[in-house]
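Each chain is listed here by its residues.
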Amino acid sequence: EAGVVQSPRYKIIEKKQPVAFWCNPISGHNTLYWYRQNLGQGPELLIRYENEEAVDDSQLPKDRFSAERLKGVDSTLKIQPAELGDSAVYLCASSRTGLAGDEQFFGPGTRLTVL
Amino acid sequence: ELKVEQNPLFLSMQEGKNYTIYCNYSTTSDRLYWYRQDPGKSLESLFVLLSNGAVKQEGRLMASLDTKARLSTLHITAAVHDLSATYFCAVDRGAGGYQKVTFGTGTKLQVIP
């Protein structure tokens with residue numbers, strides 16, 4: 001079974017430029033998460049989808065971040081415009097359901113560097 | 001606001017020794033997860049603890065949860081080099097039975113041969 005796929009793996013941009021990250025979850029997983037992991041810290045949840053619905057985006061900085069999961073499968077996270085402080089690893093995870101105890105499977109992440 | 005603290009933040013230990021990583025959290029929860037992250041890699045689920053007194057073991061690792069003390073421990077028995085990684089606990093405070101986790105700061109473990 002293929003794991004969570006993310007692309008690109010690395011991205012270097014200049015500040016004020018836009019950037020997008022793509023995630024394809026494990027087949028059959030209804031719940032998809034986007035996390036941001038700063039260097040030396042644990043991941044922080046940005047947004048959670050149940051199928052195509054964003055059910056928790058309370059920690060998504062909506063002035064510059066947006067996300068979509070149009071057909072309830074793959075998802076895109078966008079930053080526009082990027083700031084220096086956005087440099088981090090962006091992780092996508094999926095689970096069969098979003099219920100407590102259901103294991104989350106993480107992708108390899110996209111390492112973003114904003115210059 | 002939920003705070004999740006791990007200690008130690010860094011741990012260097014010799015092979016064959018035992019040690020415990022602690023995860024303290026600030027508000028009530030009876031659901032906690034442990035993850036492992038190798039350098040430059042993503043997170044791998046280790047344990048799911050869903051009730052007070054829950055204990056799970058896999059190989060040289062054993063995790064437990066004390067919800068009254070708001071404390072989880074990850075115990076390492078007879079460490080081997082392959083256990084070198086960063087370990088995160090994540091406390092689940094989701095409503096309605098759904099997950100919403102807050103990760104700890106992580107404990108970077110180095111096992112020295």
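Here the structure is a predicted model, which means the values were calculated and not measured. (Residues numbered from 1 in each chain as written. Chains lettered and ligands numbered in written order. Predicted model: local features only at pLDDT ≥ 70, side-chain atom pairs only at ≥ 80, totals over all residues. Heavy atoms only, no water.)

Quick notes on the overall build of chain A
(1) Moving on: Within chain A one finds zero helices and 11 strands.
(2) Moving on: Scanning chain A from its N terminus toward the C terminus, one meets helices and strands in the order β-β-β-β-β-β-β-β-β-β-β.
(3) Moving on: On C-alpha atoms alone, chain A measures out to a radius of gyration of 13 Å, which is about the 13 Å that the 2.2 N^0.38 rule sets for 115 residues.
(4) Moving on: Dimensions of chain A along its principal axes, counting C-alpha atoms only, are 35 × 25 × 25 Å.
(5) Moving on: Within chain A, the fraction of its 115 residues that count as buried is 45%.
(6) Moving on: Taking the intrachain contacts of chain A between residues at least 6 apart in sequence as the baseline, contacts between residues at least 24 apart amount to 54%.
(7) Moving on: Within the structure as shown, chain A displays about 5700 Å² of accessible surface, and the carbon and sulfur contribution to it stands at 49%.
(8) Moving on: Each charge class in chain A can be summarised by its mean position, and for the 13 positive and 15 negative side chains these summaries are 7 Å apart. (Helix = DSSP H or I, 4+ residues; strand = E, 2+ residues; numbered from the N terminus. Rg over C-alpha atoms; globule rule 2.2 N^0.38 Å. Buried < 20%, exposed > 50% of the residue type's maximum accessible area, 1.4 Å probe, protein only. Contact = heavy atoms within 4.5 Å. Areas by Shrake-Rupley, 256 points an atom, 1.4 Å probe, with all protein chains shown as cover. Lys, Arg positive; Asp, Glu negative; His and termini not counted. Charge placed at Lys NZ, Arg CZ, Asp CG, Glu CD.)

Description of the nonpolar core
(1) Moving on: Counting residues in hydrophobic clusters, the biggest one holds 25 residues, and the most contacted among them are L32, W34, L74, I76, Y87 and L109 of chain B.
(2) Moving on: Tallying contributions element by element places strand β9 (residues 85–92) of chain B first for this core, with four residues.
(3) Moving on: Excluding residues within four positions of it along the chain, Y87 of chain B makes contact with Q6, I21, Y35, R36, L46, L61, L74, G106, T107 and L109 of chain B.
(4) Moving on: Membership of the second largest hydrophobic core comes to 21 residues, among which are I26, I47, Y90 and V114 of chain A. (Core = buried A, V, L, I, M, F, W, Y, C linked by side-chain atoms within 4.5 Å.)

Let's talk about the pattern of salt bridges
(1) Moving on: Applying the stated criterion to the full structure yields seven salt bridges over all chains.
(2) Moving on: The partner of D56 of chain A in a salt bridge is K100 of chain B, with the nearest N and O atoms 3.1 Å apart. Of the two residues, D56 of chain A sits in strand β6 (residues 53–56) while K100 of chain B sits in the loop between β9 and β10 (101–103), which places them in two different chains.
(3) Moving on: You can call D56 of chain A buried: its relative accessible area is 11%. (Salt bridge = Lys/Arg side-chain N within 4 Å of Asp/Glu carboxyl O.)

Details of the interface of chain B and chain A
(1) Moving on: Between chain B and chain A, the contact holds 20 residues from the first and 25 residues from the second.
(2) Moving on: Roughly 1700 Å² is buried in total at the junction of chain B and chain A, and carbon and sulfur atoms are behind 51% of that figure.
(3) Moving on: Considering only the side of chain B, the residues that lose the most area to chain A are Y98, Q99 and K100 of chain B, jointly responsible for 34% of the buried surface there.
(4) Moving on: On inspection of chain B and its partner chain A, the count reaches one salt bridge.
(5) Moving on: At the junction of chain B with chain A, the criterion picks out 11 residue pairs in polar contact (both at pLDDT 80 or more).
(6) Moving on: When residues of the side of chain B that touches chain A are traced back to their parent elements, those giving at least two are β4 (32–37), β5 (43–49), β9 and β10 of chain B.
(7) Moving on: Here the side of chain B that touches chain A is built from residues that sort into nine nonpolar, eight polar and three charged. (Buried area = accessible area lost by both parts, 1.4 Å probe. Polar contact = N/O pair within 3.5 Å; in protein donor to acceptor, adjacent residues only side chain to side chain. Nonpolar A, V, L, I, M, F, W, Y, C, P; charged D, E, K, R; others polar.)

Quick word on the state of the cysteines
Residue and element names in this part refer to chain A.
(1) Moving on: What the rule picks out here adds up to two disulfides over all chains.
(2) Moving on: Between the sulfur atoms of C23 and its disulfide partner C92 the distance amounts to 1.9 Å. The sign of the -65° torsion about the S-S bond sets the C23-C92 disulfide as left-handed. On the criterion of sequence distance, the pair formed by C23 in strand β3 (residues 19–24) and C92 in strand β9 (residues 88–95) is long-range, its members being 69 residues apart.
(3) Moving on: The class for C23 is buried, based on a relative accessible area of 0%. (Disulfide = S-S within 2.5 Å.)

Remarks on the sheet that holds strand β3 (residues 19–25) of chain B
Residues and elements named next belong to chain B.
(1) Moving on: Within the open sheet, the five strands sit side by side as β1-β3-β8-β7-β6. Their pairing is antiparallel. For this open sheet the edge positions go to β1 (4–7) and β6 (55–58), each flanked by a neighbour on one side alone. Strand-to-strand, the axes of this sheet are offset by a mean angle of 15°, without reference to chain direction.
(2) Moving on: When strand β7 (residues 61–66) meets strand β8 (residues 71–76), the two strands line up antiparallel, connected through six bridges. The residue of β8 that forms the bridge with L61 is I76. (Pairing = 2+ DSSP bridges. Axes fitted to C-alpha atoms, helices over the stretch in contact; angles between N-to-C directions.)

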